[in-house]
Each structure stands twice: as structure tokens, then as C-alpha cells.
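# Summary of the model geometry
One letter stands for each residue in the lines below.
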Amino acid sequence: MKTKAAVLRSIGGPLVIEELNVPRLEQGQVLVKILYTGLCRSNINEINGRKGKEFIPHLTGHEASAVVVEVGDGITKVKTGDYVVCSWIKGSGLEAQAVKYKNSKGQVNAGTCSTFSEYAVISENRLVKISGMFMMNLAAASLLGCAVPTGAGIVDSTAMDFTHKLAVFGIGGIGASALMRAASRGIECTAFDIVPWKLNWAQENLNVETLDPMVDYHFDSSKFHGFFDFAIECSGNKLAMEWAFNCLKNNGTAIIAGNLEPGKKISIDPFELVKGKKLRGSWGGECVLDRDIPFYASEYLEGNLPIEKLITKVYPFDEINEGLKDLESGKLIRGVIKISE
């Protein structure tokens, strides 16, 4: 069996659309037909070599909606015909070995969940069956693999309630998901971003306060020092990380979800920690895959979490590099690639 795939062959890209041979399924592996897959800044980090070079040539992509085509030995979690979400986050089930595709140019490496291909071999523990997923917008369903559980998960895994004030820095897929979930729970939110149209999006779609710190305050954290109970940083920007910490009340918590460039560090006043402020990171929103993905899907189906609003543009597979360029230049909340029907 063959599949069309977007292959990373050199640092900096572009991804090259090629035909690959799909390997025979091993224990714990599932063959799925990818329907839609989301574009995440982590994909850009991979393409630019920030996660290493030794795995190239390589398939990236880590969030998708899909249909199960075939299951390997030992699979009990899904069956042929099931609608599933593919995620980089580990859940229950077998942890299969990394996948190696081939074509006339040689071997192409892939992890246990690589989704930039028409057909993909995925580890059982990176899949979640969603009952009623066929009733969802399947482009929106793909965001259940990363953006939604990470952003919304940060909100739900933290002791926030409607009495608290939340700041979110960086209105991409994760930041917007965090804002959407917090707003749905009645939490008072302020969105910070340096891209004006993203602030307009947050105002119009989520009815939250917005600020461009570079224009309004030039990252002068004294303007909001001691104002917020929680701050979530999703931009990967050094100043935003520092400002997220500085804008907290003395008992506040800052959660870092963005990825700073390798070698760069942030600077904080340690006495702020003594006074009670907390600074921590987040790994996938502390998502429990098999519990949280179906929950967010049900929230979507009940009208409480309009995930489709996160999608700025859907691209055909052949325009995946255009989508990645748009993401890097700040033109997207979340872009989605339509792989197949």
C-alpha cells in the first residue's frame, strides 16, 4: 500500500510531497486514514531543527481526525471503521515502536504519531475513539489532538474559578483554546498579543478584554503588577514569559506553555517567589487522553466549546507549506490541512 506524505528532507524545509510505502503493521500499531490535521508551531520547530537533525528525513504532524483502516496485533482500543483523534499525548493502550516508511529514496522516519500523510501508522496509545465524532466538524475534531487539550487542559487542571482573573499571552491555537475554555467557565480573561487581528478575534468570538503590550505598555509589567490570579504564556516569547510572571498577585500562578528558543533564558526576581508567586510549566495541559478528549468532544457537541472558531483557514494537502508559512508569520489562530474525505 502507498500513501502521499509531506516529508521533511532538510532543515528549514520545505516539506516535500512524496509517495511512500506503508509498512506492515507491527504489534500495537494501527493504520488510519487521516481526514484533517492541524498545523502547530511545534511543527515549525521541528522543521527548523530545534528538536534535532538526526531523525531527518522525517514525517511530522501530531494532531488529526482519522478513520481506522486496519489494526495490528494486540489492539483492543479501536477497530476498523472507528472515528478517532490522533494525538502526540500518550493515553492507554500499547506503546508501539516508531514507524519507518520507505520509497525509492530510502527510509523516512516517523514517530508514534505522525499525521502529515494520507495514511498513517499510529501507536494505539496515541488514539482515542470518539463516539458521535461523525457528527462533528471533522476539521475541528483534529484540534482535539493538541491545541484543545493543551490550552483548555491548562485551565481545567488549575484551580481557576469565576472569582479569578486570567491573563493569556499569545493567541494561537493553545492560547485561544485556553481563553475559550476559561470564558465558557465564566472566568474573567484578558488576551495579550502583538497581532491586532488576533485581538479582534478574541473580542468578537470570546468577548474578552484584549491588550497589545508592545503598543499599550511596551511590556512594562508595572502597569499590571499584582493584577492577575493566573497567567498562561503560549507565545514562546521571553518578554511575554517574564511579563506573565510579573503581572501576578502575590499568590498567583504563571503557567508556561510556549517554547523559548534553545539557549535563551528568562529573568525573574526570586523575591517574588518568596512572596508567594508560583511559576510552572505545562506538558500537554496535563491531559488524561482517554478521559479528556471525549469530554471536550461532548462539550463541542453540546455547544459549549465552539472549536471550529479556532480555525482560520483550511488548506488542501498540496498547500501545506503555504499553511506553515502563514502560521509562522502570525496569520493563523490554527490552520488545518484537509488530507482526505
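Let me begin by describing the structure that accompanies this report. (Residues numbered from 1 in each chain as written. Predicted model: local features only at pLDDT ≥ 70, side-chain atom pairs only at ≥ 80, totals over all residues. Heavy atoms only, no water.)

## Considering the pattern of salt bridges
Side chains that carry opposite charge are capable of pairing whenever their charged atoms lie near each other. Rules: Basic side-chain nitrogens of Lys or Arg form a salt bridge, by our definition, when they fall within 4 Å of a carboxyl oxygen of Asp or Glu. Only DSSP runs of H or I reaching four residues or more are called helices, and only runs of E reaching two or more are called strands; each is numbered from the N terminus. Here the term buried applies to any residue with accessible area under 20% of the maximum for its type, exposed to any over 50%, and partly exposed to those in between, with areas from a 1.4 Å probe on protein chains only.
A full pass over the atoms with the stated rule returns 20 salt bridges. Residues Arg 181 and Glu 299 are paired through a salt bridge, measuring 3.1 Å at the closest nitrogen-oxygen approach. In this pair, Arg 181 sits in helix H4 (residues 173–184) while Glu 299 sits in helix H9 (residues 289–301), placing the two residues 118 residues apart along the sequence. Among the residues examined, Arg 181 registers a relative accessible area of 8% and is labelled buried. Residue classification places Glu 299 among the buried residues on the basis of a relative accessible area of 11%. With its nearest N and O atoms 3.4 Å apart, the salt bridge here joins Lys 313 to Glu 322. Residue Lys 313 is classed as partly exposed on the basis of its relative accessible area, which comes to 34%. For Glu 322, a relative accessible area of 35% translates into the label partly exposed. The structure contains a network of salt bridges with shared partners spanning Asp 156, Arg 181, Arg 185 and Glu 299.

## Description of helix H3 (residues 147–156)
Cut-off, in case you're wondering: Residue contacts are counted whenever heavy atoms from the two residues lie within 4.5 Å of one another.
Most of H3 sits inside the fold, with 9 of its 10 residues counted as buried. Residues of H3 that are buried: Ala 147, Val 148, Pro 149, Thr 150, Gly 151, Ala 152, Gly 153, Ile 154 and Val 155. If you follow the buried residues of H3, they end up packed against strand S5 (63–71), H4, strand S14 (228–233), strand S15 (248–256), H9 and strand S18 (334–338).

## Here we look at the pairing of S15
Condition: When DSSP finds at least two bridges between two strands, those strands are taken to pair. Looking down the strands as they point away from you, a crossover is right-handed if its path from the first strand over the helix to the second goes clockwise.
Where S14 and S15 come together, 5 bridges link them in parallel fashion. Bridging across to S15, Glu 233 finds its partner in Ile 256. As for the winding sense of the linkage, the β-α-β connection from S14 through helix H7 (residues 238–246) to S15 is right-handed. As defined by bridge partners, S15 adjoins strand S16 (residues 278–281) across 4 bridges and the pair is classed as parallel.

## Some points on the sheet that holds strand S11 (residues 165–169)
The cut-off we apply is this: Axis lines are fitted to C-alpha atoms, over the contacting stretch for helices. Their N-to-C directions set the angle, which ranges from 0 to 180 degrees.
Reading across from one edge, S13-S12-S11-S14-S15-S16 is the order of the 6 strands in this open sheet, with parallel pairing throughout. Where the open sheet ends on each side, the last strands, each with one partner, are strand S13 (209–211) and S16. On average, each strand axis in the sheet is inclined to that of its neighbour by 20°, with strand direction left out of account. Packed on one face of the sheet, H4 meets S11, strand S12 (188–192) and S14 and runs near 165° to S12.

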